[in-house]
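Next come the chains, spelled out residue by residue.
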Amino acid sequence: MPTWARFAIFFTVFLGVIGGGHFFLYRRLVRAVTDNVRLRRIGGWVLTGLFASLVVAMPVARVLQNTFSELVGAVAWTWLGVAWYLSLSAAVLGLLAFAVGRAARKPPEVDASRRRFLTRAAAGGAVAASAGLAGYGLFRAYAPAEVTELVVKLRGLPRALDGFTIAQVTDIHVGPTIGRRFLDDMVARVNALKPDLVAITGDLVDGSVESLGPCVAALRNLSARNGVAFITGNHEYYSGDEEWCAALASTGVQVLRNRRISIGDPAASFDLVGVDDWSAPEERRSDLQAALAGRDPERATVLLAHQPRGFEKAAELGVGLQLSGHTHGGQMFPFNFVVGMTTPYVAGFYRHQGAQLYVSRGTGFWGPPFRVGAPPEIVKVVLQAS
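Residues numbered from 1 in each chain as written. Predicted model: local features only at pLDDT ≥ 70, side-chain atom pairs only at ≥ 80, totals over all residues. Heavy atoms only, no water.

Caption draft 1: Local environment of the packing of aromatic side chains. Per the stated rule, a full pass over the model turns up 8 aromatic pairs. Relative to Trp 366, the ring of Trp 77 has its centre 5.2 Å away and its plane inclined at 55°; by these criteria the two rings are tilted. With Trp 77 in helix H3 (residues 67-103) and Trp 366 in the loop between strand S11 (355-359) and strand S12 (377-385), this residue pair connects regions lying 289 residues apart in the sequence. For Trp 77, a relative accessible area of 13% gives the class buried. Following the ring pairs from residue to residue traces out a cluster consisting of Trp 84, Tyr 85 and Phe 335. For the cation-ring pair, Arg 309 lies above Trp 278, with the distance from its terminal atom to the ring centre recorded as 4.3 Å. (Phe/Tyr/Trp six-rings, centres within 6.5 Å; stacked < 30°, edge-to-face > 60°. Helix = DSSP H or I, 4+ residues; strand = E, 2+ residues; numbered from the N terminus. Buried < 20%, exposed > 50% of the residue type's maximum accessible area, 1.4 Å probe, protein only. Lys NZ or Arg CZ within 6 Å of the ring centre and 35° of its normal.)

Shown next as structure tokens:
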């Protein structure tokens with residue numbers, strides 16, 4: 001399916017969902033709280049304006065790609081996160097208020113007054129709860145990423161490379177809400193780990209090379225003895241994958257598109273394999289078999305694949321370790337449970353037929369600048385000879 005068609009379908013569904021959500025918020029937080037026509041009208045127009053910001057944010061960002069579009073995008077994405085937690089809190093507390101009201105029946109005039117009190121209390125509680133969740137989520141999204149150290153015994157790894165370290169960053173999503181300051185801090189934290197290799201496993205950007213190139217130039221400051229490797233994620237195909245791959249390659253980054261390279265020296269080395277994302281157009285889609293063709297099966301292999309969905313196939317083909325991202329660990333509670341319904345690999349370490357997989361929660365975030373229940377991370381992988 002062409003990229004424009006996928007975007008059109010997504011945008012249509014998106015409009016339906018957020019439109020319904022804003023109508024629900026109007027019913028629960030405005031209409032149910034006051035009988036004042038003027039206040040209802042003001043509340044309705046405010047919610048309509050916020051809904052409109054979400055409608056125009058993506059088209060404006062795709063067409064203009066300037067400071068104004070970034071501002072519109074930042075406001076819209078922030079509101080989307082707040083609206084989600086407002087809706088969730090209003091739904092939960094509304095059901096609770098309904099249950100309490102049903103449990104204690106009173107005379108009609110008392111019952112109506114009680115229902116109005118419970119409705120207003122639920123609305124106030126929803127605002128307070130969503131403000132707390134949004135405030136925490138905003139802080140956690142921009143706070144320094146946690147460093148997760150992972151020690152992995154890798155079959156076939158030469159003894160001389162025992163202790164080899166890979167710093168994995170993924171799902172950074174440079175764009176309206178993540179800029180140069182965030183990247184500079186991330187680069188400093190990665191360099192402090194003194195890795196032998198840096199792996200960027202996709203979804204680096206949400207925008208064009210022209211608009212985001214100066215910001216992404218911060219990656220030039222990454223320091224690793226064996227350099228920096230990059231693979232595409234699904235978002236690179238919305239932003240111009242070929243342009244981005246060329247731009248990164250021009251800075252010395254090893255761009256792995258369904259191919260492998262040798263890491264180390266002739267006396268002691270392993271295969272680093274990188275595949276394109278499953279979401280790519282047919283002619284550029286993930287092709288692990290092509291990347292592994294002609295490989296010595298006795299050599300240690302580390303696979304960089306944005307999505308974890310091909311892990312079982314990688315295990316069958318003899319891959320020892322796969323590093324992935326894509327899921328964000330759910331990013332915002334309770335989406336971790338939703339993601340868990342679509343894949344068994346949400347976040348963390350997994351094994352299958354002798355192969356190993358680590359799915360990072362991601363270093364940045366996408367959409368709403370919130371992380372609740374899934375803090376960002378930089379993964380430090382320490383390889384050990386088995």
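There is more to say after this.
Caption draft 2: Quick look at the sheet that holds strand S10 (residues 348-352). Spatial ordering of the open sheet is given by S6-S7-S8-S9-S11-S10, a layout of 6 strands whose pairing is mixed. Strands at the two margins of the open sheet, each flanked by one partner only, are strand S6 (259-265) and S10. Pairs of neighbouring strands in the sheet enclose a mean axial angle of 20°, with direction left out of account. Taken together, the 5 bridges between S10 and S11 define a ladder with antiparallel strand orientation. From the neighbouring strand, Arg 351 faces S11, where its bridge partner is Gln 356. (Pairing = 2+ DSSP bridges. Axes fitted to C-alpha atoms, helices over the stretch in contact; angles between N-to-C directions.)

Caption draft 3: Geometry of the packing of helix H6 (residues 209-216) against helix H8 (residues 241-250). It is the contact of H6 with H8, at a shortest axis distance of 11 Å, that shows an interaxial angle of 30°. Looking at the two axes, H6 sits roughly parallel to H8. Seen from above, H6 lies across H8 with right-handed handedness. Where H6 abuts H8, its residues Val 209, Leu 212, Gly 213 and Val 216 lie against Glu 243, Trp 244, Ala 247 and Leu 248. For the contact of H6 with H8, a count of residues per class yields 6 nonpolar, 1 polar and 1 charged. (Parallel < 35°, antiparallel > 145°, perpendicular 65-115°, else oblique. Left-handed = near helix turned anticlockwise from the far one by under 90°. Contact = heavy atoms within 4.5 Å. Nonpolar A, V, L, I, M, F, W, Y, C, P; charged D, E, K, R; others polar.)

Caption draft 4: Local environment of the pairing of strand S9 (residues 321-324). Of the two faces of S9, the one holding Leu 321 and Leu 323 and the one holding Gln 322 and Ser 324 are both buried throughout. Summarising the sheet, strand S8 (residues 301-304) and S9 pair through 3 bridges and their orientation is parallel. Bridging across to S9, Val 302 finds its partner in Leu 321. This β-α-β element, S8 to helix H10 (residues 311-316) to S9, shows right-handed connectivity. Pairing of S9 with S11, which is carried by 4 bridges, proceeds in the parallel orientation. Within S11, the position partnered with Leu 323 by the bridge is Tyr 358. (Right-handed = clockwise from strand over helix to strand, strands pointing away.)

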